[in-house]
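# A structural walkthrough
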Amino acid sequence: PDYENAHNSLGLAYQRLRQRDKAIESFQKELKYHPENFYADMYLGDIYGELKDYSMALFHYKRALTHPDSSNAEKIQKAISSLEIAPKSEATRGD
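As the structure is a computational prediction, the values presented were derived from the model and not from experiment.

Over its 13 residues, helix H3 (residues 38-50) runs 19 Å from end to end, which matches the ideal 18 Å to within 8%, given 1.5 Å per residue. Here H3 lies mainly inside the structure; 10 of its 13 residues are buried. Of all the residues in H3, the buried ones are Phe38, Ala40, Asp41, Met42, Tyr43, Leu44, Gly45, Asp46, Ile47 and Tyr48. Between the side-chain oxygen at the start of H3 and the backbone nitrogen of tyrosine 39 there is a gap of 3.0 Å, and the oxygen is on asparagine 37. At the C-terminal side of H3, lysine 52 shows a positive phi close to 60°.

In structure tokens, the structure reads:
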């Protein structure tokens, strides 16, 4: 818990292995110990987007933008824009 980003590193490893549940758990632990960690929210937004849980993805992306170190703000704004359109597109496809 003392080393910031330790849980992020673990979460990224799980994400690469497609173990998304464990990745989510790791990023959430990072936020528990370091609530201002911009990257944990950004990574959670990425995973929830992959899982098509758009409301959770938007929640974490928007929360990431509120952190003092939102160094990837442009990337997140693009992700937010595409996610706000995605649910409508998914609904009209009839999958």
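Turning next to the nonpolar core. Membership of the largest hydrophobic core comes to 20 residues, with the highest contact counts inside it found for Phe27, Met42, Leu44, Tyr61, Ile76 and Leu83. Counting residues per element, the ones that place at least two in this core are helix H2 (20-33), H3, helix H4 (54-66) and helix H5 (73-93). If near-sequence neighbours (up to four positions away) are discounted, isoleucine 76 is found in contact with Phe38, Met42, Tyr61, Ala64 and Leu65.

On to the pattern of salt bridges, then. Going through the model one piece at a time under the given rule, you end up with six salt bridges. The salt bridge partner of arginine 20 is glutamate 50, with a shortest N-O separation of 2.8 Å. With a gap of 30 residues between them, arginine 20 in helix H2 and glutamate 50 in helix H3 connect regions that are remote in the sequence. Residue class for arginine 20 comes out partly exposed when judged on its relative accessible area of 22%. When its relative accessible area of 37% is taken as the criterion, glutamate 50 is described as partly exposed. A salt bridge links aspartate 46 to lysine 75, with the nearest nitrogen and oxygen atoms 3.3 Å apart. With aspartate 46 in helix H3 and lysine 75 in helix H5, this residue pair connects regions lying 29 residues apart in the sequence. With relative accessibility at 40%, the residue lysine 75 sits in the partly exposed group.

Definitions and limits used
Residues numbered from 1 in each chain as written. Predicted model: local features only at pLDDT ≥ 70, side-chain atom pairs only at ≥ 80, totals over all residues. Heavy atoms only, no water. Helix = DSSP H or I, 4+ residues; strand = E, 2+ residues; numbered from the N terminus. Expected span 1.5 Å × (residues − 1). Buried < 20%, exposed > 50% of the residue type's maximum accessible area, 1.4 Å probe, protein only. Polar contact = N/O pair within 3.5 Å; in protein donor to acceptor, adjacent residues only side chain to side chain. Core = buried A, V, L, I, M, F, W, Y, C linked by side-chain atoms within 4.5 Å. Contact = heavy atoms within 4.5 Å. Salt bridge = Lys/Arg side-chain N within 4 Å of Asp/Glu carboxyl O.

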